[in-house]
Amino acid sequence: MSASESGDTGSGGRFTLARLKLGGGLGRALNELTIVVGFVAISLYLAVTTPAFLSTANILSILLASSLIGIVAVGETFVIVTSGIDLSVGSVVAFTGVMTGLAIHAHFPVPLAVLTGIGIGAFCGAFNAFAITVLNMSPFIVTLAVLAMARGLAFIVTNGNTIFDFPDSFDNIGGGNLGPLPIAALIAAVVFLAAWVLLSRTVLGAEIYAVGGNREAARLAGIPVTRTLSVVYIISGALAGLGGVVLAGRLDSAQPIAAVGLELNAIAAVVIGGASLFGGKGSVLGTLLGVLIIGLINNGLTLKNVQPFWVQFIQGAVIFGAVLVDSLNQKRRGRV
Amino acid sequence: MSASESGDTGSGGRFTLARLKLGGGLGRALNELTIVVGFVAISLYLAVTTPAFLSTANILSILLASSLIGIVAVGETFVIVTSGIDLSVGSVVAFTGVMTGLAIHAHFPVPLAVLTGIGIGAFCGAFNAFAITVLNMSPFIVTLAVLAMARGLAFIVTNGNTIFDFPDSFDNIGGGNLGPLPIAALIAAVVFLAAWVLLSRTVLGAEIYAVGGNREAARLAGIPVTRTLSVVYIISGALAGLGGVVLAGRLDSAQPIAAVGLELNAIAAVVIGGASLFGGKGSVLGTLLGVLIIGLINNGLTLKNVQPFWVQFIQGAVIFGAVLVDSLNQKRRGRV
Amino acid sequence: QQPAVVGYSVSTLANPFFQGMTKGVVTGIKAHPGLTLINTSANGDANTQATQVLDLINQHVAALILNPINANAIVPVVRRANKAHIPVFTLDRGAACGKCQVNFLETDNVALGKEGADFIAGRLKARYGTIKGNVVDLEGLLGTTAGDDRERGFATEFAKLSSANPGLKLVARQAADFDADKGFNITTQLLAAHNDIDAIFNGNDDNAIGAVRAIRQANRFVPIGDPKHIVVIGIDGTEQGLSAIRKGQMDATLSQNPLTMAAQTVNYIEQYLHGDKAGIPAHQFWPHVLLTKDNLDTPEVKQYGLWGDQVAAQ
Amino acid sequence: MHGISKSFPGVRALADVSITLERGEVLGIVGENGAGKSTLMKVLAGAYRADEGRVLLDGAEFAPRGPRDALDAGIVVIHQELSLVPDQTVAENIYLGNLPRNPLGMVRRAVLHRNSRALLARVGLDIAPGMPVRRLGIAQQQLVEIARALSREARVIVMDEPTATLTIAEQRILFATVADLRRAGIGIVFISHHLEEIFEICDRVTVMRDGVTVATRPVAEWDEAGLIQAMVNRPISALFPPRTSSIGAPMLEVEGLSSTGRFSDVSLTVRAGEVVGLGGLMGAGRTEVLKAIYGAMPDTTGTLRIDGRPVRTRNPREAIAAGIAFVPEDRKGEGLVLPFAVRDNVALSTLDRLAWLRMFSAAGRTDRLATDAVGELRIRTPGIGTKVGSLSGGNQQKVVLARALTTHPRVFLLDEPTRGIDVGAKVEVYRLIGELAAQGGAVLVVSSDMLELLGLCDRILVMRGGRLAGGIEREAFSQERIMALAALG
Ligand SMILES: Nc1ncnc2c1ncn2[C@@H]1O[C@H](COP(=O)(O)OP(=O)(O)OP(=O)(O)O)[C@@H](O)[C@H]1O
Ligand SMILES: Nc1ncnc2c1ncn2[C@@H]1O[C@H](COP(=O)(O)OP(=O)(O)OP(=O)(O)O)[C@@H](O)[C@H]1O
Ligand SMILES: [Mg+2]
Ligand SMILES: [Mg+2]
């Protein structure tokens, strides 16, 4: 135990963040998220070796590319903090995307179509929540089943076809800019901010951590466990719905095959950001870092013209390295 | 609480299995695995509605189709019982498959080539184990990184090409028959039997459960936790290697893209079979049932020639239903 | 003078055909000293592809070769490229915005499916005198253009054939996802359930290999020409597909040539950058051929090119 | 509470139990392990639903559908099994389910910390409210639970063995608090296995046995012998067996044991046949010293000799091989594999010894071992196949003890070995410790129960702030001397 470590630090990340006063507290909060070391290392390497990396256009492109996975990963963060898992998000993105597209084609006004997409996502989340809380099923199986069912529905409702050709007012949600800034990235930023407030500043947030950290204790303390879990899965579903809208707008089209495997990337981002699949740990700031690390890696691989066969290998190796730094750092500090 | 339930039941599955004396005990063991209800229901439905279902050829075809996922799911069972996860198995199947193929093409004798495949799988498992135990990294991240790296390596070593055209002596491992029985299914049966003995009848098995049930208590009780975890991940890797050999033989070819997503199916089989991702629970018999349920569903969808768009939806719905029966049953019996 | 940078985004490398295409692009670029390549693969995800193309645009490449995952989903970034005055050349699959691309060099997947149905009809006619028998359709990955268009071509033609020939029946239509193991498992189960299957149409050669191996395992293989032989036809002409045809395990495949096709696109880029822009056609179907054991090693086919063999030889 | 009955698979935990609690009184409930005390309180707390019976609160029917209802009605329970969220802070745990919020639903952090500090001071715990609970010792966690109970608007407070992990100092503070609460008109249920505590603070005492109430009388009408008789239904002669064993050569010798930031330079010797106590205040580092000897504490320096031979214990496995046994203080976190049956927990350290060829599990031998252990330690369980997690706290503790004995050790490191176990069982544990010593074993016991140390040990060592503050021989034993060493020195 190093002398620098006062008795007050050493939590799983969040609770320091919760106390973060944006001045001096930030340093301490980041100190908790040692994954920041990996993040900085990758950024520095790219900045030094690749001139194009630090250009505004490139940085905006990273943010844009990270916005879909970011939105979905925020929902996944909530779920994982409760020691659950939501494998359905990728399929729900595809399903809500095509449903939104169908709504647009059925001449729904854009705001209503967007709400339809988000609402259907929330409904998928509510289905997950019902099966997990009331029917007492394991989150893994439930959301795996919904993964298959939502994907199937996306094919069934579209007959396998791509839904395309949306009005610009819709496409701009995912593909437009506000001044120089991609709107999708702005939406993601708002989602992150709201989630950060919710998880680290509100009573509901604290209850989510409590339910994930010790469900029985939470129950005995009068926390409404079923309601908390339901909220969490519904948020995750609704954000996947928002993701479907953003993706459909970005690509001016909605495909039933979209976003396959997105759930694994989202979960990876959350876990890279310091969350534990056993619950009670994790933070929105950590997830943000995790998402950006994945975005950085992919951007770097394109910028450096890495041959496609090597891409996957290097992706894996860099994630491994970034998390290794983190875990050695924690080990050194005797926190394990 | 039904009168039939003596005070002696109610353990996590295994320890009842451990005492299973193949006569009267079997009933009790199966009683523990209420997923058997879902299994029987699906079988009955298919038997009644589809004349071809009960033919020997069809049942053998189910066993054959289940053999690859079965072999891999056995390894995953060990890992999940320790509260770990191995996401790398699908990629390791592909990587060991192409390495075995390359070995055959380099004129390795067949047994040596097979050992090469299994050995490389075991090595991947050892890498996972090292990172998880010594470097103290999370199993999810480690095996996710290895998922990407092994897949990348499979592309790199083959330059993306399919390796094919093996001698029959090799192909028969995965694609031959012994009398009426597919050799691959026999191999899977041996793997299940060995795993069942290991997990439910040996000291190592008991240690694996203990490490998964409460790692700290296991450590303080003198169980070599690091060694136990290492064995488990190495077994999982080696079985993925065996899976790669079987797959390459069956298709007379090895592709770097093979077995994408196999890990999710394997994990699903284990969880359907009653294991918990939080460790300490699960059994080889349960996994066998889980694998067979997935095999049955796919068989039923093929036999009934369900339209492709509906396949995924129904897969999801049936898994949901099968597990729902299980969880309601458990709830009714007050075991939750 | 600095070579002009060409950005390339292939939909996926999870399939030998696209590896062939990529090799065609790479060798094509090498043949032009004035061009260099940035090579990316979208791993089958349309969103990833959009991002990669944007990253390529941000690097101010001189031209883009796109093999879109989806013709509609690629449109927004193609328009971005248009705004940045970067010419776009689409390969195998186009962008659904017509003139936004300089050239669209395409495989006619609908025709491939149709010709597959016709081939099977021909073999059955030879066997029974009339077009009759039991046919299995193992389609490709749902939601992909190749899978869906081939299926559409096959299904439309098969419906036509079977309404004219009542003895022609489709006993099963299942998606084998371009995955050999999936093709193997489905075929195994179909063979167990039906002992009178005459032919299997496959969305690509990997599916077909799965079917061939399943027939072997089920001890149902008899040589071509025997009335009990199960006709297997694939699409693409992969190296393993060609090998299976040579061995008489598989009847035929319908092959395009991604190598020459991709090289042609690179030629167009050279022409666009340094030559006659107007001479580049807006749209073109790249020809394909039916390969069987009989014509596989004939000069005409050699002339067209067996990409499967060529790629492996490199 | 009237006519409460509650059954679990294979056990009737409560059979027609009735108790009443007046405003402003302290009702003591005592009974053997597994008598049903905690179950009764969980029914009151809404954590379990009774099979039969009803609860009246101020004369009105009260049927909680969950803990929330009970809390809303002012019934606050400090559960026997700690129920804290390890990754949340002390303050958040104190206000678990009850965080101060502003109208937007945000946590009022300043209020939270201010109030938490006040509550922590009230229970005598000097830690920052922002400290994560994960880093607290088990006793500190207990105090956080007590602080939580005090934070609630309560009409009834139930304390289920609140003192099991506390040392004298904290216990005194708790009792003062209880007196305050009583004066404020709050009804208190106090459950403890420390009978002297019962006599000190209770107004009336209810004795439970085997799921029924045996008797309820004002405390003045009970004496210790009568209470024990009513609890265990058999006479118990003396609490502590006479110390008879002859003390032999040094068996465990520890020299210069240090672990950075935890404790330093601890040297001690335990002889064959000797029982040595290790006393001290909470957080003095006693647990860490035992774990270090046992090889369960990384980064430890120092030397160890057993029977004069130097041994290295780099991990618990080596310690067990060297003949050392360890009973941890936190049975749920460190002692038991909760999803396992009693049998498999007992066998956990001897899996290979029991096996055929050291490889294949031998169900028969395992069953016999477990059956013997259950009989010998009188573990109250429906069967050796019962999940250990469903046993009462005290019986769980006995399972841990039983396991430690299976490895035929000669050096015993016991950390709070009688925590939460009833008088009858305690006597058995004391007898057991006596026998272990008599058979030539060396026993090192950490206990926060000073009377226990005084009655049990041949010698007491006292730790303070990570160092050995001194030792006291049996002839010179007194509470005052221990306290002096522990607190001042
Ligand atoms: N959740 C449960 N499932 C099954 N049996 C249980 C459960 N909880 C308690 N029991 C059983 O009910 C009986 C009463 O247990 P309880 O915990 O109320 O005892 P207690 O009087 O509090 O004992 P202790 O002094 O050891 O804490 C015991 O036999 C115990 O094994
Ligand atoms: N994991 C940990 N990280 C940091 N500090 C810890 C940790 N565990 C314990 N401590 C602190 O180390 C000190 C010694 O604790 P220890 O449990 O050894 O005391 P003890 O004398 O056994 O007291 P107790 O009566 O609580 O068992 C305490 O201040 C405790 O808070
Ligand atoms: Mg109790
Ligand atoms: Mg202690």
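Residues numbered from 1 in each chain as written. Chains lettered and ligands numbered in written order. Predicted model: local features only at pLDDT ≥ 70, side-chain atom pairs only at ≥ 80, totals over all residues. Heavy atoms only, no water.

Q: Sorry if this is basic, but what is going on with the site of ligand 1 here?
A: Residues and elements named next belong to chain D. Near ligand 1, the surroundings consist of 20 residues, among which Gly-34, Lys-37, Ser-38, Thr-39 and Gln-80 are the closest. Between ligand 1 and Ser-38, the relevant distance is 2.6 Å, taken from an oxygen atom to a side-chain nitrogen or oxygen of the residue. Within the side chain of Thr-39, one N or O atom sits 2.5 Å away from an oxygen atom of ligand 1. If one sorts the elements of the shell around ligand 1 by residue count, helix 1 (residues 37-44) sits on top with three residues. Looking at the shell around ligand 1, its residues break down into six nonpolar, eleven polar and three charged. The residues that make up the shell around ligand 1 include at least three from each of domain 1 (4-237) and domain 2 (249-487). (Near = heavy atom within 4 Å. Polar contact = N/O pair within 3.5 Å; in protein donor to acceptor, adjacent residues only side chain to side chain. Helix = DSSP H or I, 4+ residues; strand = E, 2+ residues; numbered from the N terminus. Nonpolar A, V, L, I, M, F, W, Y, C, P; charged D, E, K, R; others polar. Domains from an automatic or database assignment.)

Q: Explain the coordination of the magnesium ion (ligand 3) to me, please; I cannot follow it from the model alone.
A: Six octahedral donors at a metal ideally form angles of 90 or 180 degrees, and four tetrahedral donors ideally form angles of 109.5 degrees. All names here are of chain D. Within the protein, Ser-38 (OG) and Gln-80 (OE1) serve as the donor atoms for the magnesium ion (ligand 3), at 1.9 Å. You can see Ser-38 sitting in helix 1 and its partner Gln-80 sitting in the loop between strand 6 (75-78) and helix 3 (90-94), a full 42 residues away along the chain. In this structure, Ser-38 and Gln-80 share a single accessibility class: buried. (Donors = N, O, S within 2.8 Å, 3.2 Å for Na, K, Ca; no water. Buried < 20%, exposed > 50% of the residue type's maximum accessible area, 1.4 Å probe, protein only.)

Q: Explain the site of ligand 2 to me, please; I cannot follow it from the model alone.
A: All names here are of chain D. Ligand 2 sits among Arg-135, Gln-140, Leu-281, Met-282, Gly-283, Ala-284, Gly-285, Arg-286, Thr-287, Glu-288 and Glu-329. Gly-285 is positioned such that a nitrogen or oxygen atom in its backbone is 2.9 Å from an oxygen atom of ligand 2. Taking Arg-286, its side chain carries an N or O atom lying 2.4 Å from an oxygen atom of ligand 2. Here ligand 2 loses 72% of its free accessible area of 630 Å² to cover by the protein chains. The biggest single contributor to the shell around ligand 2 is helix 9 (residues 286-293), with three residues. Considering only residue class, the shell around ligand 2 consists of three nonpolar, four polar and four charged. (Areas by Shrake-Rupley, 256 points an atom, 1.4 Å probe, with all protein chains shown as cover.)

Q: How should I be thinking about the state of the cysteines in this particular structure?
A: One covalent bond between the sulfur atoms of two cysteine residues makes up a disulfide. Residue and element names in this part refer to chain C. Following the criterion strictly, the structure yields one disulfide over all chains and no others. A sulfur-sulfur separation of 1.8 Å characterises the disulfide bridge that pairs Cys-97 with Cys-100. Here the disulfide of Cys-97 and Cys-100 is right-handed, its torsion about the S-S bond being about 75°. Across the pair, Cys-100 and Cys-97 agree in class, each one buried. (Disulfide = S-S within 2.5 Å.)

Q: Where do I start with the coordination of the magnesium ion (ligand 4) in this structure?
A: Residue and element names in this part refer to chain D. The protein atoms that coordinate the magnesium ion (ligand 4) are Thr-287 (OG1) and Glu-329 (OE), at distances of 1.8 to 2.7 Å. A residue pair is termed long-range when its members are at least 10 positions apart, and Thr-287 in helix 9 and Glu-329 in the loop between strand 16 (324-327) and helix 11 (331-335) qualify at 42 residues. Classification of Thr-287 by relative accessible area gives buried; the value is 15%. A relative accessible area of 15% means that Glu-329 is categorised as buried.

Q: Explain the sheet that holds strand 5 (residues 60-62) of chain D to me, please; I cannot follow it from the model alone.
A: Adjacent strands of a sheet form backbone hydrogen bonds with each other and so pair up, either parallel or antiparallel. All names here are of chain D. Strand order in this open sheet of four strands is 2-1-4-5, and the pairing throughout is antiparallel. For this open sheet the edge positions go to strand 2 (11-17) and strand 5, each flanked by a neighbour on one side alone. The sheet shows a mean angle of 35° between the axes of neighbouring strands, taken without regard to direction. Pairing analysis gives two bridges linking strand 1 (residues 2-8) to strand 4 (residues 52-57), with the strands arranged antiparallel. The residue bridging Ser-5 from the neighbouring strand is Glu-52, located in strand 4. Along the sheet face, helix 1 touches strand 1, strand 2, strand 4 and strand 5 and points at about 65° away from the line of strand 2. (Pairing = 2+ DSSP bridges. Axes fitted to C-alpha atoms, helices over the stretch in contact; angles between N-to-C directions. Contact = heavy atoms within 4.5 Å.)

Q: Please clarify how the interface of chain C and chain B should be interpreted in this entry.
A: By a widespread convention, an interface's size corresponds to the accessible area lost as its parts come together. Contacts between the two partners involve 34 residues from chain C, matched on the other side by 42 residues from chain B. Of the roughly 3,000 Å² buried between chain C and chain B on both sides combined, carbon and sulfur atoms contribute 47%. When the area that chain C buries against chain B is broken down by residue, the three leading residues are C:Gln189, C:Gln217 and C:Gln240, summing to 22%. Along the contact surface separating chain C from chain B lie five salt bridges. Residues C:Arg213 and B:Asp171 are paired through a salt bridge, measuring 3.2 Å at the closest nitrogen-oxygen approach. Between chain C and chain B we count 21 residue pairs in polar contact (both at pLDDT 80 or more) in total. Sorting elements by how many residues they give to the side of chain C that touches chain B places helix 6 (residues 180-193) of chain C first, with ten residues. Tallied by class, the residues present in the side of chain C that touches chain B amount to 15 nonpolar, ten polar and nine charged. (Buried area = accessible area lost by both parts, 1.4 Å probe. Salt bridge = Lys/Arg side-chain N within 4 Å of Asp/Glu carboxyl O.)

Q: When you look at the relation of the copies chain B and chain A in this model, what are you seeing that I'm missing?
A: One copy of the chain maps onto the other through a rotation about an axis plus a displacement along that axis. Expressed as a screw operation, the relation of chain B to chain A combines 0.0 Å of axial shift with a rotation of 180°, fitting to an RMSD of 0.1 Å. With respect to symmetry, the two chain copies, as superposed, fit the operation of a two-fold axis. Among all residues of chain B, the minimum C-alpha distance to the rotation axis is found for B:Phe278, at 3.6 Å. Residue by residue, 100% of the interface of chain B is reproduced at the interface of chain A, so both copies engage with the same surface. (Least-squares fit on C-alpha atoms with pLDDT ≥ 70 in both.)

Q: Got a minute to help me understand the nonpolar core in this structure?
A: Taken as a class, soluble globular proteins show a tendency for nonpolar side chains to be buried jointly. Ranked by size, the top nonpolar core spans 265 residues in total, and within it A:Phe170, B:Phe78, B:Phe170 and C:Leu64 carry the most contacts. A per-element tally of this core places helix 12 (residues 225-251) of chain B first, with 13 residues. Residue contacts for C:Leu64: discarding those within four places in its chain leaves C:Gly7, C:Val53, C:Leu56, C:Ile57, C:Ala81, C:Ile86, C:Pro87, C:Val88 and C:Phe89. Counting 55 residues, the second-largest nonpolar core is a separate cluster that includes D:Ile127, D:Leu150, D:Leu181 and D:Val232. (Core = buried A, V, L, I, M, F, W, Y, C linked by side-chain atoms within 4.5 Å.)

Q: Which parts of the structure should I look at to understand the domain arrangement of chain D?
A: Residue and element names in this part refer to chain D. Each assigned domain of chain D is listed with its residue range as follows: domain 1 (4-237) and domain 2 (249-487). Spacing between the C-alpha centres of domain 1 and domain 2 amounts to 28 Å. Taken residue by residue, the interface counts 30 residues in domain 1 and 29 residues in domain 2. Taken over both partners, the interface formed by domain 1 and domain 2 buries close to 2,300 Å², and the fraction arising from carbon and sulfur atoms is 58%. When the area that domain 1 buries against domain 2 is broken down by residue, the three leading residues are Asn-33, Glu-81 and Ile-138, summing to 26%.

Q: I tried to follow the packing of helix 4 (residues 109-128) of chain C against helix 5 (residues 145-164) of chain C on my own but got confused; where do I start?
A: Residue and element names in this part refer to chain C. Between helix 4 and helix 5, the shortest axis-to-axis distance is 6 Å and the interhelical angle comes to 40°. If you check the angle between helix 4 and helix 5, you find them oblique. Remark: the crossing between helix 4 and helix 5 carries right-handed chirality. Residues Asn-109, Val-110, Leu-112, Gly-113, Lys-114, Gly-116, Ala-117, Asp-118, Ile-120 and Ala-121 of helix 4 lie in contact with helix 5, whose contacting residues are Ala-146, Asp-149, Arg-150, Arg-152, Gly-153, Phe-154, Glu-157, Phe-158 and Leu-161. Looking at the contact of helix 4 with helix 5, its residues break down into nine nonpolar, four polar and six charged. (Parallel < 35°, antiparallel > 145°, perpendicular 65-115°, else oblique. Left-handed = near helix turned anticlockwise from the far one by under 90°.)

Q: Just checking my understanding: could you explain empty space enclosed by the protein for this structure?
A: Take a probe with the size of a water molecule and roll it over the atoms, and the empty space left behind shows itself. Throughout the structure, instances matching the rule amount to 14 cavities of 30 Å³ or more. Size it by volume and the second largest cavity reaches roughly 170 Å³. Along its surface, the second largest cavity is lined by 15 residues, and A:Leu220, A:Ala221, D:Leu71, D:Val77 and D:His79 are the ones closest to its centre. Of all the secondary structure elements, the ones that give two or more residues to the lining of the second largest cavity are helix 2 (67-72), strand 6 and helix 5 (138-151) of chain D. Here the residues of the lining of the second largest cavity are counted per class, giving ten nonpolar, two polar and three charged. (1 Å grid on protein atoms, 1.4 Å probe; cavity = no way out; pocket = protein on both sides within 12 Å on 5 of 7 lines; lining within 4 Å. Points joined across faces, edges and corners; volume = space filled by probe spheres on them.)

Q: Could you clarify how one ought to interpret the packing of aromatic side chains in this entry?
A: Given two aromatic rings, one states the distance between the centres and the angle between the planes to describe the pair. Applying the stated criterion to the full structure yields 18 aromatic pairs over all chains. Residues B:Trp310 and B:Phe313 carry aromatic rings whose centres are separated by 5.9 Å and whose planes lie at 90° to one another, so their mutual orientation is edge-to-face. Pair noted here: B:Trp310 and B:Phe313 are both in helix 15 (residues 308-332), with a separation of three residues, about one helical turn. Classification of B:Trp310 by relative accessible area gives partly exposed; the value is 39%. For the ring pair C:Phe17 and C:Trp307, a centre distance of 6.0 Å and an interplane angle of 85° mean the geometry is edge-to-face. (Phe/Tyr/Trp six-rings, centres within 6.5 Å; stacked < 30°, edge-to-face > 60°.)

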